[in-house]
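Descriptive structure summary
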Amino acid sequence: MSKPVVLIAEELSPATLEALGPDFDVVNVDGTDRPALLAALATADAILVRSATRVDEEAIAAAPSLKVIARAGVGLDNVDIKAATTAGVMVVNAPTSNIVSAAELTVGHILSLARHIPAAHSALAQGQWKRSKYTGTEIFEKTVGIIGLGRIGALITARMQAFGTNVVAYDPYITSARAQQLGVTLLTLDELLAQSDFITIHMPKTPETTGMISDEQLALMKPTAYIVNVARGGLIDEDALFRALTSGVIAGAGLDVFVSEPPTDHKLLGLENVVVTPHLGASTDEAQEKAGVSVAKSVRLALSGELVPDAVNVAGGVIDPSVRPGIALVEKLGQVFAGLAGSPLTSVDVVIRGEIAAFDVSVLKLAALKGIFTNVVSETVSYVNAPLLAEQRGVTVRLITDAVSEEYRNVISLTGALSDGSQISVSGTLTGTKQIEKIVEINGYDVEVPFAEHLLVMIYDDRPGIVAVYGKEFGDASINIAGMQIARTAAGGKALSVLTIDSPAPEELMERLRVAIAADVLTEIDITD
């Protein structure tokens, strides 16, 4: 029998080829040469790329035997995950390959800002001896604020504590028990901004976090404070940062990422109190080698039909055809579930009812956790690291099956407890011959709502005129309501409205709505495929 063909589309380390082993026919191609790439894909079972090769719908269609696309790195901007999933092709990456490198670069930026190392080097290299100009500050006994206490945030915590700093953090999804374990004090975002001498941000980039540090937040910082971003471009509003840096609102900034890369002719680049690097978070020999070896191991697992730890779209292994359609559904349910959580999650039950309960549905628990943490942590969430993320946050997880489903052929429910003592739940099912994904319950209210990119969930006192109130608010804001459903348990009690809207609702609108309808719950949930 012929060996599976593994296509190497970009230069990878010798250790990557060693990790693949002798069981494959390895073919090399220049991934930036489009005709050569498409021709080589005709016989490929797997393709390994870095960031230069574009694996889009056309490329996937040209590869009838393709089973796995492996990206030797973290980002997946050059891979069409939706097209791959539709074609049944697994996509894997190396989500933890760069976490040490990113943490160390963050520390490097903090030290560079504290001691003006780049500016002092530049001046001396030009023959200027300016000792008094570059008097710096010690970081010993200073307060370091970490926004986002995931894996990278935890690594930075340990490293900054070794310098004798006081570490505080803001992360709405971290329990106090986890923070205590790390030796970190949890604060609100405003408290962290006001108290910290150095601030570093490690959040995922979502509609909610884009521009989360803007004029209002920067104004809360000390005039002697510094802010660092090596996570995602756009988490800090670049125009607001320029204003803060040039008007003395804050002392300086360290940036490794930008909204547009490369940031040619960017006004931030010319400021003396800014330290910039060209997206070097993963640019170490060790990180590149870890990434290559990691995805090579994933390719071996994928082509042998085993569970793949770092698969981002399917779990791999043997999954019954009756169960597989539920994977995408439960991932989206997880995103809705996380969006409903107003405080840190302490437990979650994944409840599977109906005919599919007779099969191995363990992958659905993994998919639920993947969905819950997708927009919560800065690192890529996979089917294997999702349980670890839950464990790190002190979240207990159970999978419960029941062959009986009263209303639907199959229904999947996520129910959970939050640290403030409240409970949340969301249920979904697949309906009709086209297997349409629908939400059928939220916090005990029966609904039947198809998933959409932007969902708005509101709970308020049931009374006349409420629909007109929020309808006018959305109309005034030029935001179209594409669909709406209202549910209630009793007349005059509480009512739940679920709206699908065509564009995100700005926070100012959300605040007006909370006041206008006296909402108990009002949250926008953005669903990603």
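The structure displayed is predicted, hence computed values, not measured ones. (Residues numbered from 1 in each chain as written. Predicted model: local features only at pLDDT ≥ 70, side-chain atom pairs only at ≥ 80, totals over all residues. Heavy atoms only, no water.)

**Side note on the environment of serine 419**
Keep this limit in mind: Helical segments are the DSSP runs of H or I of at least four residues, strand segments are the runs of E of at least two, and each set is numbered from the N terminus. Exposed residues in this analysis have more than 50% of their type's maximum accessible area, buried residues have under 20%, and partly exposed residues fall in between, with area computed by a 1.4 Å probe over protein chains only. In this description, contact between two residues means that some pair of their heavy atoms is separated by no more than 4.5 Å.
Take serine 419: it is sitting in the loop between strand 15 (410-418) and strand 16 (423-431). Residue class for serine 419 comes out partly exposed when judged on its relative accessible area of 44%. Sequence-wise, serine 419 and threonine 175 are 244 residues apart; in three dimensions their C-alpha atoms are separated by 7.4 Å. Serine 419 has contacts with Ser343, Pro344 and Thr346, leaving out every residue within four places of it along the chain.

**Re the environment of valine 440**
Positionally, valine 440 belongs in strand 17 (residues 436-442). In this structure valine 440 comes out as buried when scored by relative accessible area, which is 6%. Measuring from C-alpha to C-alpha, the distance between valine 440 and arginine 50 comes to 41 Å, with 390 residues separating the pair along the chain. In this view, valine 440 contacts Tyr408, Val411, Ser427, Gly428, Thr429, Tyr445, Asp446 and Val447; residues no more than four positions away in its chain are not counted.

**Quick notes on helix 11 (residues 238-246)**
Every α-helical turn comprises 3.6 residues, leaving residues that sit three or four positions apart pointing alike. How we decide: The reported arc concerns the directions from the helix axis to the C-beta atoms and nothing else. Pairs of N or O atoms within 3.5 Å make up the polar contacts considered here, provided that, within protein, one atom can donate a hydrogen while the other can accept it, and that residues adjacent in sequence are counted only when both atoms are side-chain atoms.
Within helix 11, the full set of buried residues consists of Glu238, Ala240, Leu241, Ala244 and Leu245. Projection of helix 11 onto a plane perpendicular to its axis shows the buried side chains occupying an angular sector of 155°, all on one side. A distance of 3.0 Å separates the backbone nitrogen of aspartate 239 from a side-chain oxygen at the start of helix 11, and that oxygen is part of aspartate 237. Positive phi shows up at glycine 248, right after helix 11, with a value of about 80°.

**Here we look at the sheet that holds strand 8 (residues 185-186)**
Short version of the rule: When DSSP finds two or more bridges between a pair of strands, those strands are recorded as paired. Every angle, taken between N-to-C directions, lies between 0 and 180 degrees, and every axis is a line fitted to C-alpha atoms, over only the stretch in contact when it is a helix.
With parallel pairing, seven strands are arranged side by side in an open sheet as 8-7-6-9-10-11-12. The outermost strands of the open sheet, each flanked by one partner alone, are strand 8 and strand 12 (274-276). Bridge analysis of strand 11 (residues 252-255) against strand 12 gives three bridges, and the strand direction is parallel. When the bridges of strand 12 are listed, alanine 253 appears paired with valine 274. Where helix 11 meets the sheet, its contacts fall on strand 10 (226-229), strand 11 and strand 12, and the angle it forms with strand 11 comes to roughly 140°.

**Describing the packing of helix 13 (residues 325-340) against helix 14 (residues 362-374)**
Note the following rule: Should an angle fall under 35 degrees it is called roughly parallel, over 145 degrees roughly antiparallel, and 65 to 115 degrees roughly perpendicular, with every other angle called oblique. What makes a crossing left-handed is the near helix being turned counterclockwise from the far one by less than a right angle; a clockwise turn instead makes it right-handed. Nonpolar residues are Ala, Val, Leu, Ile, Met, Phe, Trp, Tyr, Cys and Pro. Charged residues are Asp, Glu, Lys and Arg, and all others, Gly as well, are polar.
Helix 14 packs onto helix 13 with a crossing angle of 40° between their chain directions and a minimal axis gap of 7 Å. The angle between helix 13 and helix 14 places the two elements in the oblique class. Regarding helix 13 and helix 14, the two cross each other, and that crossing is right-handed. In this structure, helix 13 contributes Gly326, Ile327, Val330, Glu331, Gly334, Gln335, Phe337 and Ala338 to the contact, and helix 14 contributes Val363, Leu364, Ala367, Ala368, Lys370, Gly371 and Ile372. Of the residues contributing to the contact of helix 13 with helix 14, the split by class is nine nonpolar, four polar and two charged.

**Points about the domain arrangement of the chain**
Applicable threshold: Source of the domain bounds: an automatic or database domain assignment.
In terms of domains, the chain is made up of domain 1 (5-95 + 286-304), domain 2 (98-276) and domain 3 (326-526). Measuring from the centre of the C-alpha atoms in domain 1 to the corresponding centre in domain 3 gives 34 Å.

**A look at the UniProt feature "domain: ACT" (unreviewed entry) in the chain**
For clarity, the threshold we go by: UniProt positions are given in the numbering used here, feature names are shortened, and annotations may be inferred rather than shown by experiment.
This chain's UniProt record puts "domain: ACT" (unreviewed entry) on residues 455-529. The span residues 455-529 shows a helical share of 29% and a strand share of 39%, and its end C-alpha atoms are spaced 14 Å apart.

**What to know about the nonpolar core**
The condition that has to hold: Buried Ala, Val, Leu, Ile, Met, Phe, Trp, Tyr and Cys residues that are joined via side-chain atoms within 4.5 Å together make up what is termed a nonpolar core.
Within the largest apolar cluster, 49 residues are counted, with the highest numbers of intra-cluster contacts made by Val336, Leu364, Val426 and Ile442. Of the residues forming this core, the biggest block, eight residues, is contributed by helix 13. Other than its neighbours up to four places away in sequence, isoleucine 442 contacts Leu340, Ser425, Val426, Val447, Val457, Leu496 and Val498. By size, the runner-up hydrophobic cluster in this structure holds 29 residues, among which are Leu187, Ile227, Ala231 and Leu235.

**Side note on the packing of helix 14 against helix 15 (residues 385-392)**
Helix 15 packs onto helix 14 with a crossing angle of 65° between their chain directions and a minimal axis gap of 8 Å. Relative to helix 15, the crossing made by helix 14 is left-handed. Residues Leu366, Leu369, Lys370 and Phe373 of helix 14 form the contact with helix 15, whose own contacting residues are Ala386, Pro387, Leu389 and Ala390. Along the lines of polarity and charge, the residues of the contact of helix 14 with helix 15 split into seven nonpolar, no polar and one charged.

**Focus on the pairing of strand 9 (residues 198-201)**
Here strand 9 shows no split at all, with Phe198 and Thr200 on one side and Ile199 and Ile201 on the other all buried. Bridge analysis of strand 6 (residues 143-147) against strand 9 gives four bridges, and the strand direction is parallel. Across the sheet, residue glycine 145 finds its bridge partner in strand 9, namely isoleucine 199. The sheet contact formed by strand 9 and strand 10 spans four bridges and is parallel. Paired with isoleucine 199 across the two strands is isoleucine 227, which belongs to strand 10.

**As for the packing of aromatic side chains**
For the record, the criterion: Only Phe, Tyr and Trp rings are paired, with Trp represented by its six-membered ring, and only when their centres lie within 6.5 Å; those with planes under 30 degrees apart are stacked, over 60 edge-to-face, the remainder tilted.
Applying the stated criterion across every chain yields a total of two aromatic pairs. Considering the side-chain rings of phenylalanine 198 and tyrosine 226, the 5.4 Å spacing of their centres and the 15° angle between planes classify their relative orientation as stacked. Highlighted residues: phenylalanine 198 in strand 9 and tyrosine 226 in strand 10, separated in sequence by 28 residues. On the basis of relative accessible area, phenylalanine 198 is assigned to the buried category, the value being 3%.

**Side note on the sheet that holds strand 3 (residues 46-49)**
Strand order in the open sheet made by the five strands is 2-1-3-4-5, with parallel pairing throughout. Lying at the two open borders of the sheet, with one neighbouring strand each, are strand 2 (25-28) and strand 5 (90-92). Ignoring strand direction, the axes of neighbouring strands in this sheet form an average angle of 20°. Judged from the four bridges that link them, strand 3 and strand 4 (residues 68-71) form a sheet pairing that is parallel. Bridged to isoleucine 47 within strand 4 is isoleucine 69. Across the sheet, helix 12 (residues 285-303) lies against strand 1 (5-8), strand 3, strand 4 and strand 5, angled at about 170° from strand 4, the strand it touches most.

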